[in-house]
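Listed below, chain by chain, are the residues.
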Protein chains: 2
Amino acid sequence: MKGRRRGADLEAALLEAAWTELTERGYGGLTMEGVANRAGTSRPVLARRWNDKAELAIAAIRQQMAKHPMAVADHGDLRTELLEYLELASTRAKGIAAVFTLFSSEYFQDTSSTPQDLRTALLAGGKETLRALLDRAVERGEILEQNLAPPVDTLLGVLFRHHVLMTFSPPPEALRTAWVDRIFLPLVKNHKESRNSDE
Amino acid sequence: MKGRRRGADLEAALLEAAWTELTERGYGGLTMEGVANRAGTSRPVLARRWNDKAELAIAAIRQQMAKHPMAVADHGDLRTELLEYLELASTRAKGIAAVFTLFSSEYFQDTSSTPQDLRTALLAGGKETLRALLDRAVERGEILEQNLAPPVDTLLGVLFRHHVLMTFSPPPEALRTAWVDRIFLPLVKNHKESRNSDE
DNA sequence: TTATTAAGATGCATGAATGTATCTTGACTT
DNA sequence: AAGTCAAGATACATTCATGCATCTTAATAA
């Protein structure tokens, strides 16, 4: 029995509806009318705020990121924090997958940008969560700075993202610990970077 | 100056046109009319053979895979073969990225399948190229079978695919060698799987 | 209370893509 | 050489989403 929504209230509700539509139907299935219906309003209200499907979608994504910041507390132990990071990320798998459907249809054609571009644009300003974890571990002396050279430092994020993109579902706990214990940690733990190891 | 195409000839030309459209415009921008125009024919000819955009797209992908098999010769050295594998794969980055645009729009909604599902369906029968390389290396005694446990064995493929999906472009040579020398080989080379390494 | 502003409902024209039916014409078969 | 079948061209109706214009009504401010 609530009255007529206005301003910021309304806008938040619209973006929430857009987000739900995006996750349920993907970017291709996202329509202005669909969002309007779900929000219990009509298209003109949407049209007054956003021009494109793309604008609306990105605004919706921004709102979700603002609502649920990815924060991993300092536990004094790298392994613990990495697992928590992956667990936290897993709860958002559906949303992440939905975001990537942006690049299917027209979006990446029109803007000629890549998922990487969007990712950096959305993360602009805030340092990456994963990077923060690793820096803390370096300060604690758990790992060596030099073992975090470019392809390695982002490895866990890559593994997670790839899994989500390929399966549209979060990685199970067993897989996450395997990534940490059998891939990432062995690479960064102090095994005195043996360059030109053999041959 | 060529006459009217028929049967298999025509079909191959149609699939070739579809593939080009798919790589240039992505799945979202793929239209029956666009393919017909590019193939120099009209929509009814397409409609007689495939019902969906999806059917057409998958048939086009199949034809490309058949035309360009991913074959890496036995060079007696794992590292050489891995680099050749990644180099070969890189030449197809554009196509691979295009294939994944399938899962943006409607396809994955309608079929409720995942990119993983499609991948396994397309690879059905033939063993994976990467897996073949690794098995050969195990036989040669270059690496230990036990170091190829599940999350590690497919690691290079994961890294490659993730890069292509995120940037829509092939990984540069420097990045490929970094994957091999600083991530994959260190993990599989005989460092006597130290389980419960420390703590 | 009154005035202003935007929410919300409705209607209409448009454009893109598709499905389908029809018809002509070229190529292959016997 | 005649007949058959599919290629290729064209046309029409349909569907879906969008853009825009209009009008009523509710909420907020003066």
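Residues numbered from 1 in each chain as written. Chains lettered and ligands numbered in written order. Predicted model: local features only at pLDDT ≥ 70, side-chain atom pairs only at ≥ 80, totals over all residues. Heavy atoms only, no water.

Draft legend 1. Representation of the protein's contact with DNA strand C. In the region of DNA strand C, 21 residues are neighbours, and Arg48 and Arg49 of chain A together with Arg4, Arg6 and Met32 of chain B sit closest. Atoms of DNA strand C within 4 Å of the protein: sugar and phosphate make up 53%, bases the balance. Take Arg43 of chain B: an N or O atom from its side chain is 3.3 Å from a base oxygen of DNA strand C. Taken together, the elements giving at least two residues each to the surface near DNA strand C come down to α3 (43-47) of chain A together with α2 (32-38) and α3 (43-47) of chain B. The leading source of residues in the surface near DNA strand C is α3 of chain A, at three residues. (Near = heavy atom within 4 Å. Polar contact = N/O pair within 3.5 Å; in protein donor to acceptor, adjacent residues only side chain to side chain. Helix = DSSP H or I, 4+ residues; strand = E, 2+ residues; numbered from the N terminus.)

Draft legend 2. View of the pattern of salt bridges. All names here are of chain B. Counted by the stated rule, this structure contains 32 salt bridges over all chains. Between Arg79 and Asp181 there is a salt bridge, with its nearest N and O atoms 2.7 Å apart. In this pair, Arg79 sits in helix α5 (residues 78-90) while Asp181 sits in helix α12 (residues 173-188), placing the two residues 102 residues apart along the sequence. Arg79 sits in the partly exposed class, given a relative accessible area of 34%. A salt bridge links Glu81 to Arg136, with the shortest nitrogen-to-oxygen separation between them at 2.8 Å. With Glu81 in helix α5 and Arg136 in helix α9 (residues 129-140), this residue pair connects regions lying 55 residues apart in the sequence. For Glu81, a relative accessible area of 0% corresponds to the buried category. Classification of Arg136 as partly exposed rests on a relative accessible area of 21%. (Salt bridge = Lys/Arg side-chain N within 4 Å of Asp/Glu carboxyl O. Buried < 20%, exposed > 50% of the residue type's maximum accessible area, 1.4 Å probe, protein only.)

Draft legend 3. Spatial organisation of the environment of Ser42 of chain B. Among the secondary structure elements, Ser42 of chain B is positioned in the loop between α2 and α3. Along the sequence, Ser42 of chain B and Met32 of chain B sit ten residues apart, while their C-alpha atoms lie 8.8 Å from each other.

Draft legend 4. Expanded view of the packing of helix α8 (residues 115-123) of chain A against helix α11 (residues 155-167) of chain B. Two elements in contact, α8 of chain A and α11 of chain B, have axes whose closest approach is 5 Å; the angle formed by their N-to-C orientations is 75 degrees. Between α8 of chain A and α11 of chain B, the interaxial angle falls into the category roughly perpendicular. Touching Pro115, Gln116 and Arg119 of chain A of α8 of chain A are Leu165, Met166 and Thr167 of chain B, all from α11 of chain B. (Axes fitted to C-alpha atoms, helices over the stretch in contact; angles between N-to-C directions. Parallel < 35°, antiparallel > 145°, perpendicular 65-115°, else oblique. Contact = heavy atoms within 4.5 Å.)

Draft legend 5. Expanded view of the relation of the copies chain A and chain B. Superposition of chain A onto chain B requires a rotation of 180 degrees combined with a translation of 0.0 Å along the rotation axis, giving an RMSD of 0.1 Å. Taken together, the rotation and translation relating the two chain copies correspond to the operation of a two-fold axis. Take the interface residues of chain A: 97% of them recur as interface residues in chain B, which is what a same-surface contact looks like. (Least-squares fit on C-alpha atoms with pLDDT ≥ 70 in both.)

Draft legend 6. Broad picture of the protein's contact with DNA strand D. Lining the immediate environment of DNA strand D, one finds 20 residues, of which Arg4 and Met32 of chain A together with Arg4, Arg48 and Arg49 of chain B sit closest. By atom count, sugar and phosphate contribute 56% of the portion of DNA strand D lying within 4 Å of the protein. At 3.4 Å, a side-chain N or O of Arg43 of chain A approaches a base oxygen of DNA strand D. Between DNA strand D and Ser42 of chain B, the relevant distance is 3.2 Å, taken from a base nitrogen to a side-chain nitrogen or oxygen of the residue. Secondary-structure elements contributing two or more residues to the surface near DNA strand D are α2 (32-38) and α3 of chain A together with α3 of chain B. Looking at the surface near DNA strand D, its residues break down into five nonpolar, five polar and ten charged. (Nonpolar A, V, L, I, M, F, W, Y, C, P; charged D, E, K, R; others polar.)

Draft legend 7. View of the UniProt feature "DNA-binding region" (unreviewed entry) in chain A. What UniProt calls "DNA-binding region" (unreviewed entry) maps, in this numbering, to residues 31-50 of chain A. Here residues 31-50 of chain A runs as 60% helix and 0% strand, with 12 Å between its end C-alpha atoms. (UniProt positions renumbered as here; feature names shortened; annotations may be inferred.)

Draft legend 8. Region of interest: helix α12 (residues 173-188) of chain A. Residue and element names in this part refer to chain A. The first and last C-alpha atoms of α12 sit 21 Å apart over 16 residues, in line with the 22 Å expected at 1.5 Å per residue. A maximum bend of about 30 degrees is found in α12 at Val180. The complete set of buried residues in α12 reads Arg176, Thr177, Ala178, Trp179, Val180, Ile183, Phe184, Leu185, Leu187 and Val188. (Expected span 1.5 Å × (residues − 1). Bend = angle between axes of the 7 residues up to and from the residue.)

Draft legend 9. Structural context of the packing of aromatic side chains. For the structure on display, the rule yields zero aromatic pairs over all chains. Here the basic side chain of Lys53 of chain A rests over the ring of Tyr27 of chain A, its NZ or CZ set 4.5 Å away from the ring centre. (Phe/Tyr/Trp six-rings, centres within 6.5 Å; stacked < 30°, edge-to-face > 60°. Lys NZ or Arg CZ within 6 Å of the ring centre and 35° of its normal.)

Draft legend 10. Here's a closer look at the interface of chain A and chain B. Tallying the contact residues gives 39 residues for chain A and 39 residues for chain B. Carbon and sulfur atoms supply 72% of the area buried between chain A and chain B, which totals about 3000 Å² over both sides. Three residues stand out in chain A for area buried against chain B, namely His162, Met166 and Phe168 of chain A, and they jointly supply 21% of the buried area on that side. Put simply, chain A and chain B have zero salt bridges between them. Seen at the junction of chain A and chain B, the total is six residue pairs in polar contact (both at pLDDT 80 or more). Broken down by secondary-structure element, the contributors of at least two residues to the side of chain A that touches chain B are α1 (7-25), α7 (107-111), α8, α10 (150-153), α11 (155-167) and α12 of chain A. (Buried area = accessible area lost by both parts, 1.4 Å probe.)

Draft legend 11. Region of the structure containing the side chain of Thr114 of chain B. Along the chain, the position of Thr114 of chain B falls in the loop between α7 (107-111) and α8 (115-123). On the basis of relative accessible area, Thr114 of chain B is assigned to the buried category, the value being 15%. One polar contact links the side chain of Thr114 of chain B to the main-chain carbonyl oxygen of Met166 of chain A, over a distance of 3.4 Å.

Draft legend 12. Representation of the nonpolar core. Counting residues in hydrophobic clusters, the biggest one holds 62 residues, and the most contacted among them are Leu82 and Phe184 of chain A together with Leu82 and Phe184 of chain B. Dropping the residues within four chain positions of it, Leu82 of chain A is found in contact with Leu130, Leu133, Leu134, Leu156, Val180, Phe184 and Leu185 of chain A. In this structure, Tyr27, Leu46, Trp50 and Ile58 of chain A belong to the second largest nonpolar core, which totals 28 residues. (Core = buried A, V, L, I, M, F, W, Y, C linked by side-chain atoms within 4.5 Å.)

Draft legend 13. Summary view of the packing of α11 of chain A against α11 of chain B. Interhelical geometry of α11 of chain A versus α11 of chain B gives an angle of 75 degrees and a closest axis separation of 9 Å. Classified by the interaxial angle, the pair formed by α11 of chain A and α11 of chain B is roughly perpendicular. Where α11 of chain A abuts α11 of chain B, its residues Leu155, Val158, Leu159, Arg161, His162, Leu165 and Met166 of chain A lie against Leu155, Val158, Leu159, Arg161, His162, Leu165 and Met166 of chain B. Each residue belonging to the contact of α11 of chain A with α11 of chain B can be placed in one class, and the counts come to ten nonpolar, two polar and two charged.

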